[in-house]
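# Chain and residue survey
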Amino acid sequence: MSNIGFIGVGKMGAPMVGNLVSAGHTVTVFDVSSHALEEAKKRGGRIAKNLTDVASSKEVVITMLPAGPEVKAIYLGPKGITSIVDSATLLIDCSTIDVQSSEVIHSSARSAGIDMVDAPVSGGVSGAEAGGLTFMVGGTEAAYNNAFPILSDMGKAIIHAGKEGRGQAAKICNNMLLGISMIAVSEAFALADALGLSRQTLFDISSKATGRCWALNDYCPVPGPVPNSPANRNYEPGFTASMMLKDLALSQLAADAFRVKTELGSDAEALYSKFCKAGNGELDFSAIFTTVGKEGEVK
Ligand code: NAD
């Protein structure tokens, strides 16, 4: 069993810590939020005093932070963890960030002789709670093999996506697909409402027909058909609309940089941007249903 440092114990990080503890690892946690630390403590994490405390003398250090700037701040510079950890430590960044930032962090770790993988996840808070996450792993074959047993304690599918940063590339493509499909499912329910077709009936049919997809079958944006989806608890997240907007923006940055035309991705970014600007950023991203198909502006 390993001695693990875990930085960023929010909605995703805390349940991931719980699964590592259940698997028998010793997990030390660090976060800037005292509320998040308390939540991780309830799940068996030991609270670290500071970054040095969480990162030094650990076999593995995992980060699960909001976005690229926070991840760079934690990893880089004289006070960053690539300067703190031993060369025997394996670094695993599970946050969703842009490919370029990920490559910069990999390069800093490599210069210090430290093994690292980027390993963003899919599956949401329910997947994190159930230990059922999918990990998309970027890095060398050796680093992937090292990370595999630890990631297996938090997930069910651990897929090597390629060299450094390619885990992030896979995540950005996946979440562009998810943002588009959540809007598409929402539009189908809005049309069904107008046509007098019950939501449950549309669900019963489309979840078994060619319209089936995760946004419909597992995370249905209308209350009722999928009892544990955020729609049944006033769209309490889950995965916030502002996080979805962040990922769609990453997808569009990449699409622009590599001259790929992703028209639906661009439309999805515009819709989520409008939704967040209207004050809905902290709702679950499936709450986009409440504005889709309505004439005029978002509420
Ligand atoms: P969150 O905001 O709930 O958790 C992030 C945590 O990081 C917070 O507790 C915050 O206090 C902490 N933090 C921020 N800056 C810090 C710093 N400098 N030092 C230490 N701690 C710091 O976010 P989340 O929903 O858990 O998402 C985390 C990452 O996982 C994001 O990159 C997100 O895109 C990705 N993700 C989230 C979901 C989901 O369903 N929530 C699904 C897949 C991927």
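Notes on the structure follow.

## Thoughts on the overall build of the protein chain
If you tally the helices and strands in the protein chain, you get 13 helices and nine strands. Compactness check: the protein chain gives a C-alpha radius of gyration of 20 Å against a globular reference of 19 Å for 299 residues, within 12% of the reference. Structurally, the protein chain occupies a C-alpha span of about 65 × 45 × 35 Å along its principal axes. Burial analysis of the protein chain (299 residues in total) assigns 50% to the buried set. Restricting the contact set of the protein chain to residue pairs at least 6 apart, pairs at least 24 apart contribute 63%.

## Structural notes on a nonpolar patch on the surface
Together, Leu191, Leu195 and Leu197 make up a nonpolar patch on the protein surface, roughly 310 Å² of accessible area in all. Within the fold, Leu191 resides in helix α9 (residues 166-195). Accessibility expressed as a relative area gives 53% for Leu191, which makes it exposed.

## Description of the site of the ligand
Around the ligand, the surrounding shell holds 24 residues, and the nearest of these are Lys11, Met12, Asp31, Leu65 and Pro66. One nitrogen or oxygen atom from the main chain of Pro66 is found 2.9 Å from an oxygen atom belonging to the ligand. Lys246 has a polar side-chain atom sitting 3.0 Å from an oxygen atom of the ligand. Out of a free accessible area of 830 Å², the ligand has 87% covered by protein chains. Domain assignment of the residues forming the shell around the ligand places at least three in each of domain 1 (3-163) and domain 2 (169-291).

## Topic: the pairing of strand β9 (residues 155-162)
Pairing between strand β8 (residues 133-138) and β9: six bridges, direction parallel. Paired with Gly138 across the two strands is Gly162, which belongs to β9. Read as a crossover between parallel neighbours, the route from β8 over helix α8 (residues 141-152) to β9 is right-handed.

## Digging into the pairing of strand β1 (residues 3-7)
Along any regular strand, the residues point their side chains to alternate faces of the sheet. Counted residue by residue, β1 has four buried out of five residues, so it is predominantly covered. Pairing geometry for β1 and strand β2 (residues 26-30), over five bridges, is parallel. For Asn3, the partnering residue across the bridge sits in β2 and is Thr26. Following the backbone out of β1, through helix α1 (residues 13-22) and into the adjacent parallel β2, one traces a crossover that is right-handed. Bridge count for β1 against strand β4 (residues 60-63) is four bridges, and the pairing is parallel.

## Some points on the environment of Lys294
Positionally, Lys294 belongs in the segment after α13 (263-280). A relative accessible area of 46% means that Lys294 is categorised as partly exposed. Distance from Lys294 to Gly13, taken between C-alpha atoms, is 36 Å for residues 281 residues apart in sequence. Of note is the side chain of Lys294, whose polar atom sits 3.3 Å from the backbone oxygen of Thr290.

## Quick notes on helix α4 (residues 68-75)
Three or more residues of α4 are buried, namely Gly68, Val71, Ile74 and Tyr75. End-on view of α4: buried residues confined to an arc of 130°, all on one side of the axis. Relative to its buried face, α4 has exposed residues pointing more than 90 degrees away, namely Pro69 and Ala73. Backbone geometry just downstream of α4 places Gly77 in the positive-phi region, at approximately 85°.

## Structural notes on helix α6 (residues 99-111)
The first and last C-alpha atoms of α6 sit 18 Å apart over 13 residues, in line with the 18 Å expected at 1.5 Å per residue. Regarding α6, the residues found buried are Ser101, Ser102, Ile105, His106 and Ala109. Taken around the axis of α6, the buried residues stretch over an arc of 140°, which confines them to a single face. Those residues of α6 that are exposed and angled more than 90 degrees off the buried face are Gln100 and Ser111. Contact partners of the buried residues in α6: α4, α5 (81-84), β5 (90-93), β6 (115-118), β8 and α9. Downstream of α6 by one or two residues, Gly113 has phi in the positive range, about 75°.

## Some thoughts on the packing of aromatic side chains
Counted by the stated rule, this structure contains six aromatic pairs. Seen in terms of ring centroids, Tyr144 and Phe148 are 5.9 Å apart; in terms of plane orientation they differ by 70°. Their pairing is edge-to-face. Taken together, the residues Tyr144 and Phe148, both in helix α8 and four residues apart, mark about one turn of the helix. Classification of Tyr144 by relative accessible area gives buried; the value is 12%. On the basis of an interplanar angle of 85° and a centroid distance of 6.5 Å, the ring pair of Phe189 and Phe289 is categorised as edge-to-face. Of this pair, Phe189 sits in helix α9 while Phe289 sits in the segment after α13, placing them 100 residues apart in sequence. Phe289 matches Phe189 in its accessibility class, with the two residues each being buried. An aromatic cluster of three or more residues is present, and its members are Trp214, Tyr219, Phe239 and Phe285.

Reading guide: rules and limits
Residues numbered from 1 in each chain as written. Predicted model: local features only at pLDDT ≥ 70, side-chain atom pairs only at ≥ 80, totals over all residues. Heavy atoms only, no water. Helix = DSSP H or I, 4+ residues; strand = E, 2+ residues; numbered from the N terminus. Rg over C-alpha atoms; globule rule 2.2 N^0.38 Å. Buried < 20%, exposed > 50% of the residue type's maximum accessible area, 1.4 Å probe, protein only. Contact = heavy atoms within 4.5 Å. Patch = residues over 30% accessible without salt bridge, like charges linked within 9 Å, V, L, I, M, F, W, Y side chains within 5 Å. Areas by Shrake-Rupley, 256 points an atom, 1.4 Å probe, with all protein chains shown as cover. Salt bridge = Lys/Arg side-chain N within 4 Å of Asp/Glu carboxyl O. Near = heavy atom within 4 Å. Polar contact = N/O pair within 3.5 Å; in protein donor to acceptor, adjacent residues only side chain to side chain. Domains from an automatic or database assignment. Pairing = 2+ DSSP bridges. Right-handed = clockwise from strand over helix to strand, strands pointing away. Arc of directions from axis to C-beta. Expected span 1.5 Å × (residues − 1). Phe/Tyr/Trp six-rings, centres within 6.5 Å; stacked < 30°, edge-to-face > 60°.

These figures capture arrangement, not role.
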